[in-house]
Amino acid sequence: METTTIDVRQGDFNVEDVETLRKDFNWEEMKATFSWYHTGKVNMAYEAIDRHAENPNKKDQIALLYSSPKREESLTFDQLRKRSNQFANVLKKYHVNKGDRVFLFMPRSPEFYASFFGILKVGAVAGPLFEAFMEQAVRDRLEDSQASMLITTPELLERVPVDELPDLEKIVLVGATGVDVSNYIDFDHEMEGASESFDIEWVDLEDGMVMHYTSGSTGKPKGVYHVHHAMIQHYATGKWVLDLTEDDVYWCTADPGWVTGTSYGIFAPWLNGVTNVIRGGRYSPESWYETLAKYDVTVWYTAPTALRKLMSAGKDIAKQYDLSKVRHILSVGEPLNPEVITWALDAYDRRIHDTWWMTETGAMLIVNLPCMEIRPGSMGKPIPGVEASIIDDDGNELPPYQMGNLAVKEGWPSMMRAIWKRPEKYNSYFINGWYVSGDSAYMDEDGYFWFQGRLDDVINTSGERVGPFEVESKLIEHHAVSEAGVIGKPDAERGEIIKAFITLNPGYEKDDALLEEIRQYVKTGLSAHAAPREIEITDTIPKTRSGKIMRRLLKSWELGLPTGDTSTLEE
Ligand code: WTA
C-alpha cells in the first residue's frame, strides 16, 4: 500500500525512538512521573478530573462536550469536578463505602459521567451496563456482582427485577420528573442539596475501580475486575497511541458499557487533559460526520463495524462534511479489513490505525503507533513495556509465520486483577507466565501481529462479544424450543452474525411466525445484539458424549467445511 502524503503528526517519537524505548522501557520509571508515586495513594477521579480543575490554566477548558439529538451541554474540568463531588456526597449520605459495587444502567449523559467519577471518589467500584440490556442480562450482572446500588432512569428501571435482587439496597433515579420516587433516591433532588466539596477517598493502586462483564464460550458472563493501577497504561497509551495532546478534541464512539468506552472513552482522554466529545443517540453516517465536523474533532477512536457501515454509505457523504481537522483515526474490537484502510485513505485522506486488546487486558497492547508503517490487515506491534508472542498449547514460543495462541507476558499495569468470585477462571488464562488471549494469530519477521480468529466459540458481532451459552440458555426457555446451539456466521458488514440451530418440542411445526417470535423472545429477554439473525430448525443438535454442544461442527455444516475430528460425538 502506498503511504499517505498528508502531513500527519508522527506522535511523540519516530520509529527509531520507539525501538529504543521498546528495549529500555519499564513501567516503574513511568510510574515515578506521577505525583502520587511517593505516597502510593491514588484516585483515578483525581488524576483524570480534579488535577486539571486545580490548574488555573486548565480548569475552564471544556472537559465533556455532550451532544445528542435532544440535548447539548458542555462541562469544564472544574464543573465536572464539582458535579462528581456532589454525587460523591450523595453516595456517602446513603452509606456507599470503599469497595462497594455501584452499577450504572443509563444512556450516556453528563449525569452518567458525574455519577461515574462520584463512585470512584468514594473508592467504590463502578459497573457500567449497556442500556440495550434486557431483564436477564441486567439480573445476571447485578446478582453476580452483588451490587448494592444502581443508578438508572425510570424507563430502564422496568427491566430491573428489583424484588429478586436482595443485595441491591438502593436505586438512584436520574430524570425522574413526574415519577413517584418515594421508594428511590432522586438524583436531581439530591444533587441540588449536595455540597460541591468532597474529600476524595485515597485508595491503593491495587484497589478496585471498574468492573466489566464480558462473555466467554461457557457459562454466564464474567465480571472482569480492574484497579486504579491501570491509569499508568491508560495515560501512556492515550499519549503514545491516540497521540493526545492537551489541545485535542477527541471522540471515542464506544459506549461505556464496553471497556473501550471507559478505558478510552473516559480514562485515557481525561488523564491526558483533552476535550472529550460524548455523543448520545443513534448512529447514522450523517450524524457521525456531523459530530466530527461540528466539534472539530482531531482524534477519532472507533470500530471496524462502524467504518464498514460508513464505507457502504459511500464516499460522497463523507465529502459533504469538513473533516479536515481529523488528524488521527484508530480502530478496535474486530479485524480491521484492509479494504477499509484503503477506502479511508481515499475518502478521508487518512490512514486508520488498528489497535488490539481485550476487556481482560484493560488497555491497548498491540497497536499501530502514529509513526509506524501500517501493514493493512495487521494489528501492529506491542507497545513499549509489553511483550507479546505466539505460543503453542504448552506455552512454548513459536517462530514467525507459525499460527498459534496470541499471548502476552504477565506484568502490564492495566491487566485485570480478578474474575469476580471465580479465581479458577482467572487462573485458567495463564500458561508459564503468559496470558493467553484466546485469539489465534501469527507474527511476521518484523514483529507485526496478524489476527486469524478466535480459538473458542465466542462470537464477535458488530464488535460486541457474545457468549453462545447465554443465547442458547435464553432460547431453550422458549416453550417451543427443545435444544439450541449457537454460532457466529461470517458477515461482510457485522463481522459475524448470530445463527441459532434449534430443535422444536413435540407439537410445534416450522413456521416463520414462530421463528420470529423466538427471535423476539431473545431480543426482549436478553438484548438486541444477542438475538439470532438466523434461526434454523434441525432434527438434532450435535453433542459430545459428555453433553457439550459441538458448535464447531455446527459451524462446519453451516460453512460447508470438512467436519474434522468427530470422535467425541455422541451416538
Ligand atoms: C477481538 C475489548 C482483531 C479479539 C477492546 C479479542 C480484535 C476480542 C481486535 C476482545 C483487532 C479486538 N483485530 N480482533 N484489532 N481488537 N479484537 O473484550 O478477538 O470486547 O479477543 O474488546 O475482540 O473483545 P472485547
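Note that the structure is a prediction, hence the values are computed from the model and not measured.

About the cut-offs
- Residues numbered from 1 in each chain as written.
- Predicted model: local features only at pLDDT ≥ 70, side-chain atom pairs only at ≥ 80, totals over all residues.
- Heavy atoms only, no water.
- Helix = DSSP H or I, 4+ residues; strand = E, 2+ residues; numbered from the N terminus.
- Rg over C-alpha atoms; globule rule 2.2 N^0.38 Å.
- Contact = heavy atoms within 4.5 Å.
- Areas by Shrake-Rupley, 256 points an atom, 1.4 Å probe, with all protein chains shown as cover.
- Near = heavy atom within 4 Å.
- Polar contact = N/O pair within 3.5 Å; in protein donor to acceptor, adjacent residues only side chain to side chain.
- Nonpolar A, V, L, I, M, F, W, Y, C, P; charged D, E, K, R; others polar.
- Buried < 20%, exposed > 50% of the residue type's maximum accessible area, 1.4 Å probe, protein only.
- Pairing = 2+ DSSP bridges.
- pLDDT = per-residue confidence, 0-100.
- Phe/Tyr/Trp six-rings, centres within 6.5 Å; stacked < 30°, edge-to-face > 60°.
- Axes fitted to C-alpha atoms, helices over the stretch in contact; angles between N-to-C directions.
- Parallel < 35°, antiparallel > 145°, perpendicular 65-115°, else oblique.
- Left-handed = near helix turned anticlockwise from the far one by under 90°.
- Domains from an automatic or database assignment.
- Buried area = accessible area lost by both parts, 1.4 Å probe.
- Salt bridge = Lys/Arg side-chain N within 4 Å of Asp/Glu carboxyl O.
- Expected span 1.5 Å × (residues − 1).
- Arc of directions from axis to C-beta.

Asker: For this particular structure, what's the right way to read the overall build of the protein chain?
Answerer: Per the secondary structure count, the protein chain includes 18 helices and 29 strands. At 24 Å, the protein chain has a C-alpha radius of gyration in line with the 25 Å of a compact globule built from 571 residues. Partitioning the contacts of the protein chain with sequence separation of at least 6, the portion at a separation of at least 24 is 70%. Accessible surface, the protein chain as shown: approximately 23100 Å² in total, 47% of it carbon and sulfur.

Asker: Can you walk me through the site of the ligand in this structure?
Answerer: The environment of the ligand is made up of 19 residues, and the closest members are Trp-258, Thr-355, Thr-359, Asp-439 and Arg-465. In this structure, an oxygen atom belonging to the ligand sits 3.0 Å away from a side-chain N or O atom of Arg-454. Surface burial for the ligand is 98%, taken as the share of its 540 Å² of free accessible area covered by protein chains. Within the residue set of the shell around the ligand, elements represented by two or more residues are helix H10 (259-271), strand E16 (352-356) and strand E24 (449-454). Among the elements that line the shell around the ligand, the one with the most residues is E16, at three residues. For the shell around the ligand, the per-class residue count stands at nine nonpolar, five polar and five charged.

Asker: It is not clear to me how H10 should be interpreted in this structure. Could you clarify?
Answerer: Since there are 3.6 residues in each turn of an α-helix, residues three or four apart along the chain are aligned in direction. Within H10, 13 of the 13 residues are buried, which leaves it mostly tucked inside the rest of the structure. Count one or two residues on from H10 and you reach Gly-273, which has phi positive near 70°.

Asker: For this particular structure, what's the right way to read the sheet that holds E16?
Answerer: Strand pairing within a sheet occurs via backbone hydrogen bonds; the two strands may be parallel or antiparallel. Sheet architecture is open: nine strands sit in the order E3-E2-E13-E12-E14-E15-E16-E17-E18, paired in mixed fashion. A strand with exactly one partner marks an edge of an open sheet, and here the two such strands are strand E3 (71-76) and strand E18 (381-382). In terms of strand pairing, strand E12 (residues 249-252) meets strand E14 (residues 299-302) through three bridges, oriented parallel. Across the sheet, residue Tyr-250 finds its bridge partner in E14, namely Val-299.

Asker: What's the story with the confidence of the model for the protein chain in this structure? I'm lost.
Answerer: Any segment with low pLDDT has predicted coordinates that should not be analysed in fine detail. Per-chain confidence: the protein chain averages 93 in pLDDT, with 96% of residues scoring 70 or above. With pLDDT under 50 throughout, residues 1-8 is counted as low confidence; its partners more than four residues away or in other chains account for 12 contacts. Interface confidence in the predicted complex, given as ipTM, is 0.99; pTM for the same model is 0.93.

Asker: I tried to follow the packing of aromatic side chains on my own but got confused; where do I start?
Answerer: Working definition: an aromatic ring pair is given by the centre-to-centre distance plus the angle between the planes. Tallying each qualifying case throughout the model produces 31 aromatic pairs. The interplanar angle of 50° and the centroid separation of 6.3 Å between the aromatic rings of Phe-103 and Tyr-213 together place this pair among those described as tilted. Of this pair, Phe-103 sits in strand E4 (residues 101-105) while Tyr-213 sits in strand E10 (residues 208-214), and the two are 110 residues apart along the sequence. Using a relative accessible area of 1% as the deciding quantity, one classes Phe-103 as buried. Measuring from ring centre to ring centre gives 5.8 Å for Tyr-289 and Tyr-321, while their planes differ by 35°; the resulting arrangement is tilted. With Tyr-289 in helix H11 (residues 285-294) and Tyr-321 in the loop between helix H13 (315-319) and strand E15 (328-331), the pair connects residues that are 32 residues apart, well separated along the chain.

Asker: Honestly, the packing of helix H3 (residues 44-53) against helix H4 (residues 77-93) in this entry has me stumped. Any pointers?
Answerer: Each pair of packed helices can be summarised by the angle the axes make with each other and by the distance between the axes. Between H3 and H4, the least distance of the axes is 8 Å, while the angle of their chain directions is 120°. By the angle between their directions, the pair H3 and H4 is classed as oblique. Between H3 and H4 lies a crossing of left-handed hand. Where H3 abuts H4, its residues Ala-48, Ile-49, Asp-50, His-52 and Ala-53 lie against Phe-77, Asp-78, Leu-80, Arg-81 and Asn-85. Of the residues in the contact of H3 with H4, the class split is five nonpolar, two polar and three charged.

Asker: Explain the domain arrangement of the protein chain here, please?
Answerer: Once the domains are mapped, the protein chain shows domain 1 (18-443) and domain 2 (459-559). Domain 1 puts 27 residues into the contact, and the matching count from domain 2 is 24 residues. Summing both partners gives a buried area of about 1700 Å² for domain 1 against domain 2, and 46% of it is carried by carbon and sulfur. Summed over the three residues of domain 1 that lose the most area to domain 2, namely Met-134, Gln-136 and Ser-215, the buried surface amounts to 26% of that side. Counting across the domain 1 and domain 2 interface gives one salt bridge. A salt bridge links Glu-360 to Arg-465; the shortest N-O distance between them is 2.9 Å.

Asker: Would you take a moment to explain unusual backbone geometry for this structure?
Answerer: Only a minority of non-glycine residues have a phi that is not negative, and only a minority of peptide bonds are not trans. Backbone geometry places Asn-432, a non-glycine residue, at a positive phi of 50°. Here Asn-432 shows up in the loop between strand E22 (430-431) and strand E23 (434-443). Unusually for a residue other than glycine, Ser-462 sits at a positive phi of about 50°. The topology assignment puts Ser-462 in the loop between strand E25 (459-461) and strand E26 (464-466). With relative accessibility at 26%, the residue Ser-462 sits in the partly exposed group.

Asker: I'm lost on helix H17 (residues 512-525) in this one. Help?
Answerer: Its 14 residues give H17 an end-to-end C-alpha distance of 20 Å, which sits within 8% of 20 Å, the value for a rise of 1.5 Å per residue. Residues Leu-514, Leu-515, Ile-518, Val-522 and Gly-525 constitute the buried set of H17. Projected down its long axis, H17 carries its buried residues within an arc of 110°, all on one side. Facing away from the buried side of H17 by more than 90 degrees, the exposed set consists of Asp-512 and Ala-513. In the core, the buried residues of H17 are packed alongside helix H6 (135-145), helix H16 (468-475), strand E27 (481-491), strand E28 (495-504) and strand E29 (534-537). Near the N-terminus of H17, the side chain that reaches the backbone nitrogen of Ala-513, with its oxygen 2.8 Å away, is that of Asp-511.

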